[in-house]
Amino acid sequence: METKDLMYKRAYVWDKLNAEERKACMDMGEDYKAFLNESKTERRCAAEIIRRAKEAGFVCICEKKELKAGDKVYYNNRGKAVMLSVIGSEPLENGMNIVGSHIDSPRLDIKQNPVYEAGGTTLLKTHYYGGVKKYQWVALPLALYGVIVKANGEKVEIAVGDKCGDPVFYISDLLPHLAKDQMSKTMSEGVEGESLNILIGSLPVDDTEASDRFKTALLAVLNERYGITEEDFVSAELEAVPAGAARDVGFDRGLIVAHGHDDRVCSYASLAALLSIEKPARTTVGLYVDKEEVGSIGATGMHSQFFNNMVGEMIALMNGGNCSDLAVRRALAHSTLLSADVAAAFDPNYPSVGDNANFAAIGQGIAMVKYTGSRGKSGANDAAAELVGKVRKLFNDHGVVYQTSELGKVDQGGGGTIAYIMANYDMDVIDAGGAMLSMHAPWEIVSKADVYMTSRAYHEFFVNYR
């Protein structure tokens, strides 16, 4: 063995792509941007995943009387989480190849009693969702998405701020001339959560003697347009996200800036890989779950039993309606999961926070993260060396460009994914996803090369991992 072969050197994806692959990479970037533009919230993302799955021949598992090898099914969990599966030729109890990602992203949620007027304007009160830097959400055009369930049970869809001609919404910030006290605070204190109030109107009713003239006028507009009253906000789920489409970054167009890359980039890569699979040996599963940014809680988060229930349903449909608890446990324990979540990329503007030898880089392919957690790996899923070795061999054997990563320097920070939850089922789990810049900012950045290579990695895992 030559001396140079003893060294481990990470590669850039672009250096490994031929002309045809580069075109495929750029084309995938265009499709990913279209996916993002339809997926500004977890509800819309779930709907887009199901739409694309149906086009590829997937049917709702609720319509099936039996399952056989090659069948393609999906499960819609309350419109906010999705499971897709291509049934393999082997018994489900032999295990599944699963890629699990989340489709929720940091944002601002509208409170249940949100509407008020002040200073000649009408505003909405918000409660931020997930780990955000609150100061990043002021002085920024916003769009509103979600649903309102009216008193009669009718559900009204809201989507305002992204179509041509739509108004946008806005959270004001102090002008520098009056911000002496604000500027003396820490960055986490400079903008308070209760100050993230969104401007949504500024016209009053004509009656100058009326009380709440601005709020009344705004509620009249909403009633005319959507047939709602103020009380209907009680049963609403409305989210404020940055207004605007996903766009290329740089003269060479190699990067994409958008809201929600975390974690819709891994969701898209998994979806693109899964939709191209026809008749695998092991059953393949794509999980697209909600609530990861707030602890994976609730009926649509990964702590829910919905996935276990679906595994049981699939086993029953393959076995004439018969399924035991032991069969479900075996299917889960014999499975392997790639926890498809993003890795923090080295930021040339902030080089001091990471250990460069163990930091992901933009454009160097899918990042394997053996452990997450913080402060001594607390809360981590620490993948076994045997699993890392098998995944590494899979990627090397099939020309997948990969890198390894952890989240910054020891004791600098930390974070988590759904990996530890799935490991509780006694299955092998490792984190593996693309690297990104400005994670959890209103606008985040990924490389088209990493989107392409991550999707390739998931495809090889789905088809060839044993």
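Model, not experiment: these values are computed from the prediction.

The subject of this paragraph is the pairing of strand β20 (residues 428–433). The element β20 is largely enclosed, with a buried count of five among its six residues. Pairing analysis gives four bridges linking strand β14 (residues 336–339) to β20, with the strands arranged parallel. Among the inter-strand pairings, S339 is bridged to a residue of β20, identified as D431. Of the pairings in the sheet, the one linking strand β16 (residues 366–369) to β20 comprises three bridges and is antiparallel in character. When the bridges of β20 are listed, A367 appears paired with G433.

What follows concerns the packing of aromatic side chains. Going through the model one piece at a time under the given rule, you end up with seven aromatic pairs. An angle of 85° between the planes, with centres 6.5 Å apart, marks the rings of F346 and F359 as edge-to-face. Of this pair, F346 sits in the loop between β15 (343–344) and β16 while F359 sits in the loop between β15 and β16, and the two are 13 residues apart along the sequence. Look at F346 and you get partly exposed, because its relative accessible area is 29%. Taking 6.1 Å as the distance between ring centres and 50° as the angle between the ring planes, the aromatic pair formed by F395 and Y402 counts as tilted. Here the two residues F395 and Y402 agree in accessibility, since each one is buried. In this structure an aromatic cluster arises from ring pairing among Y32, F35 and Y268.

So, on to the sheet that holds strand β5 (residues 107–118). With antiparallel pairing, six strands are arranged side by side in an open sheet as β8-β7-β10-β5-β6-β9. Only two strands of the sheet have a single partner each, and these edge strands are β8 (155–160) and β9 (198–201). If you compare each strand with its neighbour and ignore which way they point, the axes differ by 30° on average. As paired strands, strand β7 (residues 142–149) and β8 are joined by six bridges and run antiparallel to one another. Across the sheet, V149 pairs through a bridge with K155, a residue of β8. Strands β5, β6 (121–129), β8 and β9 of the sheet are contacted by helix α6 (residues 213–226), whose axis makes an angle of about 125° with β5.

With that settled, consider a nonpolar patch on the surface. Taken together, the side chains of L174, L175 and L178 make up a nonpolar region of the molecular surface, amounting to roughly 280 Å² of accessible area. With respect to the element layout, L178 can be found in the loop between β8 and α4 (180–183). Its relative accessible area of 60% is what places L178 among the exposed residues.

With that out of the way, let us pick up helix α12 (residues 448–464). For α12, spanning 17 residues, the distance from its first C-alpha to its last is 24 Å, which sits close to the expected 24 Å at 1.5 Å a residue. Counted residue by residue, α12 has 13 buried out of 17 residues, so it is predominantly covered. Where α12 begins, one side-chain oxygen reaches toward the backbone nitrogen of A449, 3.1 Å away; that side chain belongs to S447.

At a minimum axis distance of 8 Å, the contact between helix α7 (residues 261–274) and α12 shows a crossing angle of 50°. If you check the angle between α7 and α12, you find them oblique. The chirality of how α7 crosses α12 is right-handed. Here V265, C266, Y268, A269, S270, A272, A273 and L274 of α7 come into contact with α12, specifically with V451, T454, S455, Y458, H459 and F462. Across the contact of α7 with α12, the residue classes break down as 10 nonpolar, four polar and no charged.

Under the counting rule described, the total for this entry stands at 30 salt bridges. A salt bridge links D71 to K68; the shortest N-O distance between them is 3.3 Å. By relative accessible area, which is 10% here, D71 ends up buried. Of the charged contacts in the structure, one is a salt bridge between D248 and K448, with a shortest N-O distance of 3.1 Å. Within this pair, whereas D248 is found in strand β11 (residues 247–249), its partner K448 is found in helix α12, the two being separated by 200 residues in sequence. Considered together, D248 and K448 belong to a single accessibility category, that of buried residues. If you follow the salt bridges from partner to partner, you end up with E30, K33, D248, R253 and K448 in one network.

Attention now goes to unusual backbone geometry. A cis geometry characterises the amide bond from D262 onward to D263, with omega recorded as 10°. Turning to its location among the elements, D263 is positioned in helix α7. In this structure, A139 takes a positive phi of about 55° despite not being glycine. Among the structural elements, A139 can be located in the loop between β6 and β7. The partly exposed category is assigned to A139, whose relative accessible area is 42%. The phi angle at R253 is positive, at roughly 60°, despite the residue not being glycine.

This part is about the nonpolar core. Core analysis: the biggest nonpolar cluster contains 59 residues, and Y32, I49, L84, F395 and Y458 have the highest contact counts within it. Considering each element in turn, this core owes the most residues, eight residues, to α12. When neighbours within four sequence positions are excluded, L84 is seen to be in contact with I49, A53, F58, V73, Y74, L271, L274, L275, T284, V285, G286 and Y288. Ranked by size, the runner-up nonpolar core spans 31 residues in total, among them M96, F307, V328 and I418.

This part covers the packing of helix α3 (residues 42–55) against α7. At a closest axis distance of 11 Å, the pairing of α3 and α7 adopts a crossing angle of 10°. Judged by the inter-axis angle, α3 sits roughly parallel to α7. Residues E42, C45, I49 and R52 of α3 lie in contact with α7, whose contacting residues are R264, Y268 and L271. Among the residues making up the contact of α3 with α7, the classes are represented as four nonpolar, no polar and three charged.

Reading the values: rules and limits
All residue numbers refer to positions counted from 1 along the written sequence of the respective chain. Where totals are concerned, whole chains, interfaces and linings use all residues; where local detail is concerned, this predicted model gives features only for residues with pLDDT of at least 70, and gives and counts side-chain atom pairs only at 80 or more. By convention in this description, side-chain values take in all heavy atoms of the structure and omit both hydrogens and water. Under the scheme applied here, a residue whose accessible area is under 20% of the maximum for its type counts as buried, over 50% as exposed, and between as partly exposed, the area being computed with a 1.4 Å probe on protein chains only. The numbering of helices and of strands both runs from the N terminus, where a helix is a DSSP run of H or I of at least 4 residues and a strand a run of E of at least 2. Paired strands are those between which DSSP finds at least two bridges. Each Phe, Tyr or Trp ring, with Trp reduced to its six-membered ring, pairs with another whose centre is within 6.5 Å; inter-plane angles below 30 degrees give stacked pairs, above 60 give edge-to-face pairs, and intermediate values give tilted ones. Here, axes are lines fitted to C-alpha atoms. For helices the fit covers the stretch in contact, and angles between N-to-C directions go from 0 to 180 degrees. By the convention used here, residues are in contact when the closest approach between their heavy atoms is within 4.5 Å. Distance thresholds for patches are 9 Å for like charges and 5 Å for nonpolar side chains (Val, Leu, Ile, Met, Phe, Trp, Tyr), applied to residues having over 30% relative accessible area and no salt bridge. In this description, accessible areas are obtained by the Shrake-Rupley approach with a 1.4 Å probe, and a residue is regarded as covered only by the protein chains that are shown. For salt bridges, the criterion is a side-chain nitrogen of Lys or Arg within 4 Å of an Asp or Glu carboxyl oxygen. A helix is expected to reach a length of 1.5 Å times the quantity of its residues less one. What qualifies as a polar contact is a pair of N or O atoms within 3.5 Å, subject to a donor-acceptor requirement within protein and to the restriction that residues adjacent in sequence count only when both atoms come from side chains. Every angle not falling under 35 degrees, over 145, or within 65 to 115 is termed oblique; those three ranges are roughly parallel, roughly antiparallel and roughly perpendicular. Working rule for handedness: look at the near helix, and if it is turned counterclockwise from the far one by less than a right angle, call the crossing left-handed; if clockwise, right-handed. Note on residue categories: nonpolar means Ala, Val, Leu, Ile, Met, Phe, Trp, Tyr, Cys or Pro, charged means Asp, Glu, Lys or Arg, and polar means any other residue, Gly included. In this text, buried Ala, Val, Leu, Ile, Met, Phe, Trp, Tyr and Cys residues form a nonpolar core when linked through side-chain atoms within 4.5 Å.

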